[in-house]
Amino acid sequence: SLVKNETDTDNVLADAIFDLYKDGEIYEEGLVTDENGKIEVSELPWGEYYFVETKAPAGYAILVDEEGNPKHYEFVIGVDGETEILSADINVENDRKLGSVSLVKNETDTDNVLADAIFDLYKDGEIYEEGLVTDSEGKIEVSELPWGEYYFVETKAPAGYEILVDEEGNPKHYEFVIGVEGET
């Protein structure tokens, strides 16, 4: 059996797709992890086997070896030295993909971009990065963002401009989510 989970957690991952190889040749294709993150293959003839992940669940990356190829998860059914092996349990992990965001500051009702606006970035209600400044194209880009709910808050408008506020007079929140679309 094979169990698929998120790296560094016990969260199991459904919908990962694996191929099973026996003695270096494809044995079974398109094996999909169930809601418990599990694939079970029974009645295997003796031999050397390995699983290769062909598709990670949405929002996750396939782990690769040093050469950048999908990792092989090897096991033996039969006799290994003096030990008879009739089953194997394989644990496979996936790393969550990281996200990125691009904010463009422009004049209200025009396409004129504004440099030198300063924003703070919040993640799950807590400050994540402070003092992010729009460049000459009015842009701030932030990458390597873990999954979560985010928002930008403008802390200083460019010279000659005012910070936009909500109905209560607080600086407006520019919200976004990093994660799998449709799943928060």
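(A) Inspection of the environment of Ala157 at higher detail. Along the chain, Ala157 turns up in the loop between β14 (148-156) and β15 (173-178). A C-alpha to C-alpha distance of 9.3 Å links Ala157 and Ala115, two positions 42 residues apart in sequence. Sequence-distant contacts of Ala157, that is, excluding residues within four places in its chain, are made with Glu162 and Ile163.

(B) Representation of the layout of surface pockets in the model. The computed volume of the second largest pocket comes to approximately 210 Å³. In terms of lining, the second largest pocket is formed by 14 residues, of which the most central are Lys105, Asn106, Thr108, Leu164 and Tyr174. In the lining of the second largest pocket, the residues fall into 8 nonpolar, 2 polar and 4 charged.

(C) Inspection of the sheet that holds strand β1 (residues 2-6) at higher detail. Reading across from one edge, β4-β1-β9-β6 is the order of the 4 strands in this open sheet, with mixed pairing throughout. Of all the strands in the sheet, just β4 (38-39) and β6 (60-61) have a single pairing partner and so form its edges.

(D) Representation of the sheet that holds strand β12 (residues 126-133). Judged by pairing direction, the sheet is antiparallel, and its 4 strands sit side by side in the order β12-β11-β14-β15 without closing on themselves. Sheet topology places β12 and β15 at the edges, where each strand pairs with a single neighbour. Looking at each pair of strands side by side, their axes are set apart by 25° on average, direction ignored. Of the pairings in the sheet, the one linking strand β11 (residues 118-123) to β12 comprises 5 bridges and is antiparallel in character.

(E) Main features of the pattern of salt bridges. Using the criterion set out here, one finds 7 salt bridges in the structure. Notably, a salt bridge pairs Asp23 with Lys22, separated by 2.9 Å at the nearest N-O pair. Given the relative accessible area of 47%, Asp23 is considered partly exposed. Between Lys38 and Glu40 there is a salt bridge whose closest N-O contact spans 3.5 Å.

Calculation rules
Residues numbered from 1 in each chain as written. Predicted model: local features only at pLDDT ≥ 70, side-chain atom pairs only at ≥ 80, totals over all residues. Heavy atoms only, no water. Helix = DSSP H or I, 4+ residues; strand = E, 2+ residues; numbered from the N terminus. Contact = heavy atoms within 4.5 Å. 1 Å grid on protein atoms, 1.4 Å probe; cavity = no way out; pocket = protein on both sides within 12 Å on 5 of 7 lines; lining within 4 Å. Points joined across faces, edges and corners; volume = space filled by probe spheres on them. Nonpolar A, V, L, I, M, F, W, Y, C, P; charged D, E, K, R; others polar. Pairing = 2+ DSSP bridges. Axes fitted to C-alpha atoms, helices over the stretch in contact; angles between N-to-C directions. Salt bridge = Lys/Arg side-chain N within 4 Å of Asp/Glu carboxyl O. Buried < 20%, exposed > 50% of the residue type's maximum accessible area, 1.4 Å probe, protein only.

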